[in-house]
Amino acid sequence: MAKKILIIETSLRAKSNSDRLAESFAEGAKAAGNDVEIISLKGKNIGFCTGCFGCQKLGHCVFKDDANEITEKILEAEVVVWSTPIYYYEMSGQMKTMIDRANSLYPRDYKFREVYLLSVAAEDEDYVDKNAAGGVQGWVDCFEKAEFKGKVFAGGVNEQGEIEGHKALDEAYSMGNAI
């Protein structure tokens with residue numbers, strides 16, 4: 001049965017390597033018959049969470065910016081995929097900001113059950129994505145009906161387009177195709 005998949009690209013670089021990894025995942029998921037939407041944070045106006053917890057009462061953030069529309073798409077997706085470059089061994093700041101701004105999902109009837117992480121970095125050691133994966137796991141831990149299902153890391157890519165030919169593209173395609 002087809003699933004509704006939302007992929008959130010968090011790199012602000014045009015034609016980024018993490019976007020390419022997300023596209024490969026999307027291609028696999030579409031080939032398996034799923035409904036896939038990709039949202040990029042490029043050009044979006046997303047402010048920082050101030051911890052006011054107004055969202056817990058209202059069901060949406062009190063700030064009127066692009067985070068509310070993205071959060072509504074997360075709410076309706078059955079599968080959420082985060083795609084990020086790794087900066088200083090962690091997810092991008094804009095990804096963390098979006099996760100924080102999606103706090104209104106906590107008390108709501110969210111549909112997502114599966115969460116994935118796609119990441120890239122110039123460094124290629126196995127541990128490079130550990131903190132980013134831990135951050136996603138921490139987010140998932142707050143949603144008892146959801147599970148962190150998997151991750152794909154592409155190390156050793158830095159310059160635009162350097163991911164082409166990387167084995168992680170095939171891994172991402174296969175992961176998306178298995179949904």
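First, a word on what this report is: a plain description of the structure on this page. In this text, all values refer to a predicted model and were calculated from it rather than measured experimentally. (Residues numbered from 1 in each chain as written. Predicted model: local features only at pLDDT ≥ 70, side-chain atom pairs only at ≥ 80, totals over all residues. Heavy atoms only, no water.)

What the rule picks out here adds up to 10 salt bridges. Between Lys 3 and Glu 114 there is a salt bridge whose closest N-O contact spans 2.4 Å. In this pair, Lys 3 is assigned in the segment before β1 (4–9) and Glu 114 in strand β4 (residues 114–121), connecting sequence segments 111 residues apart. The class for Lys 3 is partly exposed, based on a relative accessible area of 26%. Asp 19 is the partner of Lys 42 in a salt bridge, and the nearest nitrogen-oxygen pair spans 2.4 Å. Pair noted here: Lys 42 is in the loop between β2 (35–40) and α2 (54–58) and Asp 19 is in helix α1 (residues 17–31), with a separation of 23 residues, a long-range link. In this structure Asp 19 comes out as buried when scored by relative accessible area, which is 6%. (Salt bridge = Lys/Arg side-chain N within 4 Å of Asp/Glu carboxyl O. Helix = DSSP H or I, 4+ residues; strand = E, 2+ residues; numbered from the N terminus. Buried < 20%, exposed > 50% of the residue type's maximum accessible area, 1.4 Å probe, protein only.)

This paragraph deals with a negative patch on the surface. Together, Glu 123, Asp 124, Glu 125 and Asp 126 give the surface a local cluster of negative charge. Topologically, Asp 124 is positioned in the loop between β4 and α5 (130–141). (Patch = residues over 30% accessible without salt bridge, like charges linked within 9 Å, V, L, I, M, F, W, Y side chains within 5 Å. Areas by Shrake-Rupley, 256 points an atom, 1.4 Å probe, with all protein chains shown as cover. Lys, Arg positive; Asp, Glu negative; His and termini not counted. Charge placed at Lys NZ, Arg CZ, Asp CG, Glu CD.)

Looking at the element boundaries, Lys 4 is found in strand β1. When the C-alpha atoms of Lys 4 and Val 115 are compared, they prove to be 12 Å apart, with 111 residues separating the residues in sequence. Here Lys 4 is in contact with Asp 35, Glu 76, Ala 77, Glu 78 and Val 79, once residues within four sequence places are set aside. (Contact = heavy atoms within 4.5 Å.)

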